[in-house]
Amino acid sequence: MTTPQRQDFILFSDQSVIPTELRAVSAEPQHHLFLVTSTMATQPLWLINALVETCVSGGPFSLNGPSASLKSNPNSITTIASLVHEENFYHNALRKLKVNANGYQVLDILTNFILKNNDKPSDKVLDELLELFPADVQSTIILEQPELLLSLIRGLTADELNKKFILPLMKKCKLLIVASSIDLFQNNENEPLDTNNSDVQEFTRFVTSLIYNSIVVMNLRSLDTGRSKDVTGSLMISRGGQSTNSPLSVHVVENEYLYLTQKDSTKLFYR
Amino acid sequence: MASSSHNPSILFKRTLSLADPSGFMLCYDSISQTSYPVINEVMHSISGSTDHNITYIAFETLNKPSFATNFIDVNEIGFAKVIDRVQSLLPSATATVRSKNLVVVDSLNHIALPHLSSFISSLISPHVTLLATYHKDLPEASTKVGFDNYPNAETLLQFMATSIFDIDPLIPSTLDSTELRESIEKFHIPRGLNRLQFKVNFTNRRRSGRSLLYELLVDTVAHTYEVFEDNTNENQEETPEMLQDLTTFNLSTSAKQKEAKDQVALPFLEAQSEFAGGTAIVYEYEKDDDYDEEDPYEDPF
Amino acid sequence: MSFRKRGEVLNNGRGGPGAVPGRTVPGRTPAGMANSNRTLPNRGPMSTPQQSRTLTGRMQNMRVSDGTTSGAPITQNETATVNDEQNGLLLNHPGIRPSPLSGTFVTSTGCEDLDKVLTHMGLPLGHSMLVEEEGTTEFNSILAKIFAAQGIVYNRVTGATKITGGGDNGNTHLIVLSFYQMFAKELPGVYKGSKKDIKKSKISEEQSKLSVQNLTEKQSTPSRYKDFKIAWKYKLADEEKEKLNAKKSTNTQELNDDYKDYNHQFDITSRIMPAPSNSEISFISPNLPISTILTQVEQIIKRQKNKLIRIIIPSFLHPAMYQPDFFSLSKSISLIHGLRSIVKVHEDRCVLFATVSTDILSKLLRIQLENLFDAVIDLEPFPQDMLQFLERIYKSQPNKVQHGLLHVLKLPIFSERGEMQVKKSEWAFRNGRKRFEVDEWSIPVDDVESSSNAKQPGSDDHSHGNENETSHNHSNSSATAPKNTKISLEY
């Protein structure tokens, strides 16, 4: 078998990952959402890195090798916040990709989250979380696994999380990228999900709302055939609920890639 | 199904352009095909006519649509104040106004069930048309106890709406409807959804009390509406071409063979005919039959 | 089951000795043998912890400046070969070694085969691991006990034969989330080996000294080429392995011997003597409020500074120990999230190991739990009839009867980097008195005659369909192959 050709990572019709409209300063504030869905077997670190790299350096160089340098966005800083990974996890990964450390910041919301918030009412927890994020309507925020808050905050519903955290967070920036885990909904054939369980309903509601609110959905999943030596999984790019409602002049290019992640590098191929 | 006296496309167009008084237009959508193209189509249809006062009540949307005259971000002002705010922007029911008012709600899922019907009825008035979206795939938020016998939101809305646009995607050619449903359940969104062409199951409630249901194929790029023809069944039918070149054997049947085949009376058909109403097993002993008294399975009587 | 047999199946040229400290392991590759003589005394009882407290001024300064927050790189053995102050604690701790794959520091789970399944030869520091078990069997609690016992053994290694005792002296501390304090007394002791084994090991020790013989042995063709007709492909595979080994043997063999106290073998029928004291193990009842549990864990870690902290949650959510409200996400997931955060804060000296029976978990709870661990493996014990089938096939070799499948759902470091590491039904486990073994799973041939032969090539040929493992999962076949035939004679 010949080596398949490496492909560029493209999300929009102007051949970009993040279109210039989203990177340039706009007069009227716009708020957009990208959604990354993934599973335990195919975790999204490399994709998040590529998105951060695009925000900071101008292009996803880690995915398609060196290319003509695009103008980076000096106007604002990119914020990464994760409920599952510590600060260093992202610093280390991005340092390896030689992403300019001045272009991004990592918010640690993992450490002592429970100790700090265990007994507080949910509104207060969400308010305090929101305050950690800079209010810069030109900036990009990347948020990993916000659905964990449904578990961590007692009694929190998907609607509350959406209205009191996700939407206000979107208003704080121009582009919010949410990476969410959808393991719960896989393997329904062998292990059906109890859809009457109210917790399950909240998770379903939350992910569904995210899809409604997003322009583009990037889904990472392993192959149905299981583990393979030369393919890690597939990256499906499809239109989100807002794709037909976006004020952007570019449109989402739907695509399916196969990708191979080895050590710190990831390569994309067409399926 | 469809009434022959109406052209469904024209009726659909009239409804979209708000020519017929329709108090409450409901869009049922899903993540595979959201209602925005329908809303945009409404905006396109009315753009040529008299000026419209469009109020957008946003539970989900953050960016003010270009067509909206007023944009109300519910999360900013709180749900309790929404009705008051909208009322202040709309003419009173008794006033005589020339312009038409349209209220767009995105989406009704975010209104708790106990408030839902009062919210809708407080908005609808002779001058106001309500165009609201309801996501049919969003599980209903748990309601308080005491609403055991109250209809669920979907039933309630269907009951109240005067026009319903139940929006379905055109199924991508690579999938069948079961595969599509299964991928969506796993949140694997396939390619080819959320397009500008889609299928609408259009329910129109007439003043006469009749309710008409049409299936339409809507193209919001070309602005054409056609009756949806379900040709999936036709494809299932066996044609001689389908059997060509599959093997070196001749699998096809000629017209004559087919006719002969169709005339063969199948054994069970007689049993279905009318005079076979009372069934009985008739057994006549013949000389070659080997009847065994000892065998318990031999004799069914 | 003989000591040598284990070497054959499991030793992969990197495995590290699965033996009692101070004794060489037979079944190691010849290169390792040659080295082992040289490096053996390396880690002997060279200094008691008391002695090592007398640090050089430089080290003391470091300790002061480090304050209480993070693990100060204080060494137990200043005199050890490597003198990297930055990683003092890590390099000189018997239970910490670098991962051969990523260079991160790892600590043993107490089960050598499990370490191998994790591919890092252990659980990386600052990482957490979940062992799930289907059904009502209790293999997971054995793994939890071995994990705990390994920690205790580390704590007693530097003091040679005597237990050091006393609060500050050890190098390792266990935190067990359980109110069942008997857990400490039930920990298995280090496997001493039968008399026969001891004799054998002496012989092999002798053999290993005869380097000339070793050399010839290495040169000669593995006898399995002669013993039975072997497909030429196997020979190719062997040659491939040899090449790889040749590349690696130089450094890895040395590494192995540097970590001779890294993992031990436990006899689950014995008890660790003397029983662990309060200075070695802390119990926290899970029936406290979450924030209290987390604060206590944090305090213990701070108090036990400069020690490796192994947090263990045996049988998490066991209904006898956990109140019903623990099954709500806001309790169980919050607790694990809090512990995860603690482990990450103290990532230079802290690991978390939890076991759980999946029968009592809903899909939602299970997935939320798995999500918060860096490594997840799932034990799926065989049903009764399968066990009977295996027993029938391996009538002559009862040691080969495996007890269930081991599925890998997540591997530390690799999974979070985005690599797909799910390996279902690739491994099978077997719990014996002396060892929890993990082998490559292959469906046995239902032929009593051929099964003893057929299994041999498979057992040391790990490269099939498992390429990621090739680099560390194979053995130097030229050395093990002759032994294979000897073993089959033993049965």
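Residues numbered from 1 in each chain as written. Chains lettered and ligands numbered in written order. Predicted model: local features only at pLDDT ≥ 70, side-chain atom pairs only at ≥ 80, totals over all residues.

**Student:** So what exactly am I meant to see when it comes to the overall build of chain C here?
**Tutor:** Secondary structure summary: chain C contains 19 helices and 14 strands in total. In chain C, buried positions account for 52% of the 491 residues. Looking at chain C alone, contacts between residues at least 24 apart form 73% of all its contacts between residues at least 6 apart. (Helix = DSSP H or I, 4+ residues; strand = E, 2+ residues; numbered from the N terminus. Buried ≥ 20, exposed ≤ 12 C-beta atoms within 10 Å, placed from the backbone. Contact = placed C-beta atoms within 7 Å.)

**Student:** Help me out: how do you make sense of the overall build of chain A in this one?
**Tutor:** Looking only at helices and strands, chain A features nine helices and nine strands. For chain A, the C-alpha atoms occupy an extent of roughly 55 × 50 × 40 Å along the three principal directions. For chain A, the residues scored as buried account for 54% of the 271 residues in total. Sequence separation of at least 24 residues holds for 74% of the intrachain contacts in chain A that already meet a minimum separation of 6.

**Student:** Explanation requested: the interface of chain A and chain B in the structure shown.
**Tutor:** By convention, interface size is frequently given as the accessible area that disappears when the constituent parts associate. Residue-level contacts link 36 residues of chain A with 26 residues of chain B. Sorting the residues of the side of chain A that touches chain B by element identifies α8 (158-172), α9 (198-213), β6 (216-221) and β7 (233-239) of chain A as the ones contributing at least two each. A per-element tally of the side of chain A that touches chain B places α9 of chain A first, with ten residues. For the side of chain A that touches chain B, the per-class residue count stands at ten nonpolar, 18 polar and eight charged. (Nonpolar A, V, L, I, M, F, W, Y, C, P; charged D, E, K, R; others polar.)

**Student:** In this structure, what is going on with the packing of helix α6 (residues 122-132) of chain A against α8 of chain A? I would like to understand it.
**Tutor:** A pair of packed helices can be characterised by two numbers: the angle between their axes and the separation between those axes. All names here are of chain A. Contact pair α6 / α8: the axes reach a minimum separation of 10 Å and the direction vectors enclose 15°. In terms of axis orientation, α6 runs roughly parallel to α8. For the pair α6 and α8, the sense of crossing is right-handed. Listed contacts from α8 to Ser122, Asp123, Leu126, Leu129 and Leu130 of α6 are Glu160, Lys164, Phe165, Pro168 and Leu169. (Axes fitted to C-alpha atoms, helices over the stretch in contact; angles between N-to-C directions. Parallel < 35°, antiparallel > 145°, perpendicular 65-115°, else oblique. Left-handed = near helix turned anticlockwise from the far one by under 90°.)

**Student:** So what exactly am I meant to see when it comes to the interface of chain A and chain C here?
**Tutor:** Taken together, the contact pairs 36 residues of chain A with 32 residues of chain C. Within the residue set of the side of chain A that touches chain C, elements represented by two or more residues are α2 (45-57), α5 (113-117), α7 (148-152) and α9 of chain A. The element best represented in the side of chain A that touches chain C is α5 of chain A, accounting for three residues.

**Student:** Help me understand the nonpolar core, please; the structure alone is not making it clear to me.
**Tutor:** Soluble, globular proteins show a tendency: their nonpolar side chains are buried together. In this structure, Val52 and Leu176 of chain A together with Ile311 of chain C are the most contacted members of the largest nonpolar core, which totals 174 residues. In terms of residue count, the dominant contributor to this core is helix α7 (residues 139-157) of chain C (eleven residues). Setting aside chain neighbours within four positions, we find valine 52 of chain A in contact with Thr78, Ile80, Leu94, Val99, Tyr104 and Ile142 of chain A. Membership of the second largest hydrophobic core comes to 48 residues, among which are Met25, Ala153, Leu157 and Val218 of chain B. (Core = buried A, V, L, I, M, F, W, Y, C linked by C-beta atoms within 7 Å.)

**Student:** What am I meant to see in helix α13 (residues 290-303) of chain C here?
**Tutor:** Side chains of residues three or four places apart in an α-helix project in the same direction, reflecting 3.6 residues per turn. In this model α13 of chain C runs 20 Å from its N-terminal to its C-terminal C-alpha over 14 residues, within 8% of the 20 Å that 1.5 Å per residue would give. Looking only at α13 of chain C, the buried set comprises Ile290, Leu294, Val297 and Ile301 of chain C. Seen from one end, α13 of chain C has its buried residues packed into an arc of 60°, which puts them on one side. Buried residues along α13 of chain C sit in contact with α5 of chain A together with β5 (172-177), β8 (281-284), β9 (308-316), α14 (329-345) and β10 (350-357) of chain C. (Expected span 1.5 Å × (residues − 1). Arc of directions from axis to C-beta.)

**Student:** Please clarify how the sheet that holds strand β3 (residues 123-124) of chain C should be interpreted in this entry.
**Tutor:** Strands pair in a sheet through their backbones, by hydrogen bonds, and they do so in one of two ways: parallel or antiparallel. All names here are of chain C. Spatial ordering of the open sheet is given by β1-β2-β3, a layout of three strands whose pairing is antiparallel. With one partner strand each, in any of the chains shown, β1 (96-98) and β3 form the two edges of the open sheet. Of the pairings in the sheet, the one linking strand β2 (residues 105-107) to β3 comprises two bridges and is antiparallel in character. Bridging across to β3, valine 106 finds its partner in proline 124. (Pairing = 2+ DSSP bridges.)

**Student:** Sorry if this is basic, but what is going on with the environment of phenylalanine 327 of chain C here?
**Tutor:** All names here are of chain C. Along the chain, phenylalanine 327 turns up in the loop between β9 and α14. With 15 C-beta atoms counted inside 10 Å, the residue phenylalanine 327 sits in the partly exposed group. For the pair phenylalanine 327 and leucine 361, spaced 34 residues apart in sequence, the C-alpha separation works out to 8.3 Å. Setting aside chain neighbours within four positions, we find phenylalanine 327 in contact with Leu317, Ser332 and Leu365.

**Student:** Got a minute to help me understand the sheet that holds strand β3 (residues 104-108) of chain A in this structure?
**Tutor:** All names here are of chain A. Taken in spatial order, the nine strands of this open sheet run β3-β2-β4-β5-β1-β6-β7-β8-β9, and their pairing is mixed. This sheet does not close on itself; its edge strands, each paired only once, are β3 and β9 (265-270). Across the sheet, the mean angle separating the axes of adjacent strands is 20° when strand polarity is ignored. Alignment of β6 against β7, held across six bridges, turns out to be antiparallel. Bridging across to β7, methionine 218 finds its partner in isoleucine 237. Taken strand by strand, helix α4 (residues 87-96) contacts β2 (78-82) and β3, and its axis lies near 155° from that of β3. Contacting β1 (32-38), β4 (140-144) and β5 (175-181), α8 runs over the sheet at an angle of about 155° to β4.

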